[in-house]
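Descriptive structure summary
Each chain, letter by letter, is given below.
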Amino acid sequence: MNRDELFKRTRAILKPEVAQQQVWAIIGVGSGGARVAEEAARFGVGTIILIDRPDECLEEHNIIRHVLGYKDLGRPKGEALRDHILNSNPGCEIEVISMDVVKDRDRLATIIRRCTQVHCCVDNEPAKNVINEEAVAAGVTLVFAGVFDGGCGGEVGRVVDGGACYACMAAFLNRSGRFDESQAPQTFDYTNPDGIENSTAALNLDIAQIALIQARVGLLTMLGRHDSAPDFKGNYVLFGNRRVEGLFPRMLSSDIWEIPRDPCCLICGAGGMTEAQINAAAEDILAKAVCSGN
Amino acid sequence: MDSKRLVLEHAAMMERWSALEPRLRSDASGQLHWELTLHAEGGNRLPIKIVYPSGYPSDAPDIVALTSLPSGTPHLLPGNRICWRHPSESKRNRNIWCPSKDTAALCVGVAQRWFYAFLVWLSTSKWPVPDAVSN
Ligand SMILES: [Zn+2]
């Protein structure tokens, strides 16, 4: 590998020396996460930590919308993705970690503290909430994304230290009435005709479109573009792959919002107390709880 | 649960439900739960505990009835747990558990509502509210 030659066509835009210092965790290496990881390697990110659930192997039904293919059928996705990425940037340091982020919080926290940014590419709320909590606690930038039902569009959010966290944004989006995912068309999951829908039915390009926006937000973050920069003023991108009545006025419509931090947020808010006051009050509560329990 | 969350949980519970004299308890493993008794007309009472799971606050609390309930009670999960959440809530939807806003104090209101519905069911054999999900 000749590093100068590899980055010859991108060096004018992005200095590989800057990207080399970055450590990105990609949590969830399905269709979306795998693409974010692939782009990160092409930016020249020095260390990429791929995190997936234990025993998460590439199955045949994954292939049609994944960067991996038949060559890797049956292999753990993280390991196969590492090989795939190294093929386009052999200089990238890649760690593959198999874990359940919801059950193994302490380990997740340790990993996140090492990172310059975390990409949440999982599709269930408990895992998103756990990742949010740990990123907020560590003060590490979190970029999350989601593809809406049917792949009609999606969202990408960025949580920076001191800004609205994922929980603030989720509460704002759900309860403000400003946005309701149920407006998106409901789809039938043809891969599972007898059961409850277990995965968003979407085409490869629908997912890739959102994943590339997620990678772009990661790139802007790496380049130090924060809320005051004109190229990304806001913290939440809404993107419509297709026209959806009441949600996306036309195909490829996009919007960038600045979702405010909720000062009363139980995750990122301080509750109006100093750390010393919090610790003293918690100690008092716990002491009384133990007494009354025994 | 971190210290800040614990303090905010305690404050929220006392602010809304101190009349029910909720008591925070800790079991041998350090898992925290609230114990309190719900009251309804006719002297009916339902003692409950609201348990903070290990994944709290990403995971919502469990509401457990501390008295044996008749077999066939609707909307009751194994372990005497009151069913109060929709199975589809692994996706973000309206009115799901929201860790940035909700505390165990929310569960007291939920349990109270379940208790009223249960009493109606006892006398009419019909569950009067549509939104709880049958086991
Ligand atoms: Zn927040």
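Every chain is numbered on its own, with residues counted from 1 as its sequence reads. Working convention: letters from A go to chains and numbers from 1 go to ligands, in the order in which they are written. Under the rules for a predicted model, residues below a pLDDT of 70 receive no local features and side-chain atom pairs below 80 are neither given nor counted, while totals for whole chains, interfaces and linings still include all residues. Only hydrogens and water are set aside when side-chain values are computed; all heavy atoms of the structure are taken into account.

**Considerations on the coordination of the zinc ion**
Residue and element names in this part refer to chain A. For clarity, the threshold we go by: Donors, by definition, are the N, O and S atoms found within 2.8 Å of a metal, the threshold being 3.2 Å for Na, K and Ca, and water is not counted, so a site can look incomplete. A four-donor site is classed as tetrahedral when every donor-metal-donor angle falls between 85 and 135 degrees; four donors are called square planar, and six octahedral, when trans pairs exceed 155 degrees and all remaining angles lie between 65 and 115, with any other arrangement labelled irregular. Starting at the N terminus, helices and strands are each numbered in turn, a helix being any DSSP run of H or I of at least four residues and a strand any DSSP run of E of at least two. Think of it in three bands: with a 1.4 Å probe and only protein chains considered, a residue is buried below 20% of the maximum accessible area for its type, exposed above 50%, and partly exposed in between.
The zinc ion binds to the protein through Cys165 (SG), Cys168 (SG), Cys265 (SG) and Cys268 (SG), with metal-donor distances spanning 2.2 to 2.4 Å. Angles of 95 to 122° at the metal separate the four donor atoms of the zinc ion, which places the site in the tetrahedral class. Mapping the donors of the zinc ion onto the primary sequence gives the spacing C-x2-C-x96-C-x2-C. Placement of Cys168 in helix α8 (residues 166-175) and of Cys268 in the loop between β8 (254-257) and α10 (275-293) is noted, with a sequence separation of 100 residues between them. Given the relative accessible area of 3%, Cys168 is considered buried. Since its relative accessible area comes to 11%, Cys268 is described here as buried.

**Details of the nonpolar core**
Test applied: What we call a nonpolar core is a set of buried Ala, Val, Leu, Ile, Met, Phe, Trp, Tyr and Cys residues that are connected through their side-chain atoms within 4.5 Å.
Counting residues in hydrophobic clusters, the biggest one holds 44 residues, and the most contacted among them are Val101, Val118, Ile131 and Tyr236 of chain A. In terms of residue count, α8 of chain A provides more of this core than any other element does, six residues in total. Of all hydrophobic cores here, the second largest spans 39 residues; its members include Met13, Ile48, Tyr52 and Ala117 of chain B.

**Topic: helix α9 (residues 204-222) of chain A**
Residue and element names in this part refer to chain A. Stated precisely, the cut-off is as follows: One less than the residue count of a helix, multiplied by 1.5 Å, gives the span that helix is expected to have.
If you check α9, its first and last C-alpha atoms are 26 Å apart, about what 19 residues at 1.5 Å a residue would give, namely 27 Å. Counting buried positions over the 19 residues of α9 gives 14, a clear majority of the element. Following α9 by one or two positions, Gly224 has its phi on the positive side, about 80°.

**Quick word on the pairing of strand β7 (residues 236-240) of chain A**
Residues and elements named next belong to chain A. Applicable threshold: Two strands qualify as a pair provided that DSSP identifies no fewer than 2 bridges between them.
Within β7, five of the five residues are buried, which leaves the element mostly enclosed by the surrounding structure. Pairing of strand β6 (residues 153-159) with β7 involves five bridges; the strand directions are antiparallel. Counted as the bridge partner of Gly154 is Phe239 from β7. Relative to β8, β7 runs antiparallel, the two being bridged by four bridges. Opposite Phe239, over in β8, you have Ser254 as the bridge partner.

**Some thoughts on the sheet that holds strand β2 (residues 47-52) of chain A**
Strands in a sheet are paired, the pairing made by backbone hydrogen bonds, and the direction either parallel or antiparallel. Residues and elements named next belong to chain A. Applicable threshold: Here an axis means a line fitted to C-alpha atoms, over the contact stretch when the element is a helix, while the angle between two N-to-C directions is reported on a 0 to 180 degree scale. Here a residue-residue contact requires only that any non-hydrogen atoms of the pair lie within 4.5 Å.
Taking strand neighbours across the sheet as the criterion, the eight strands line up as β3-β2-β1-β4-β5-β6-β7-β8 in an open arrangement whose pairing is mixed. Across the chains shown, the open sheet's two edge strands, defined by having one partner strand only, are β3 (93-98) and β8. With direction set aside, neighbouring strand axes in the sheet form an average angle of 15°. Relative to strand β5 (residues 141-147), strand β4 (residues 117-120) is paired through four bridges, and the arrangement is parallel. For His119, the partnering residue across the bridge sits in β5 and is Val143. Against the sheet, helix α6 (residues 105-113) contacts β1 (23-27), β2, β3 and β4, and its axis sits at roughly 165° relative to β3.

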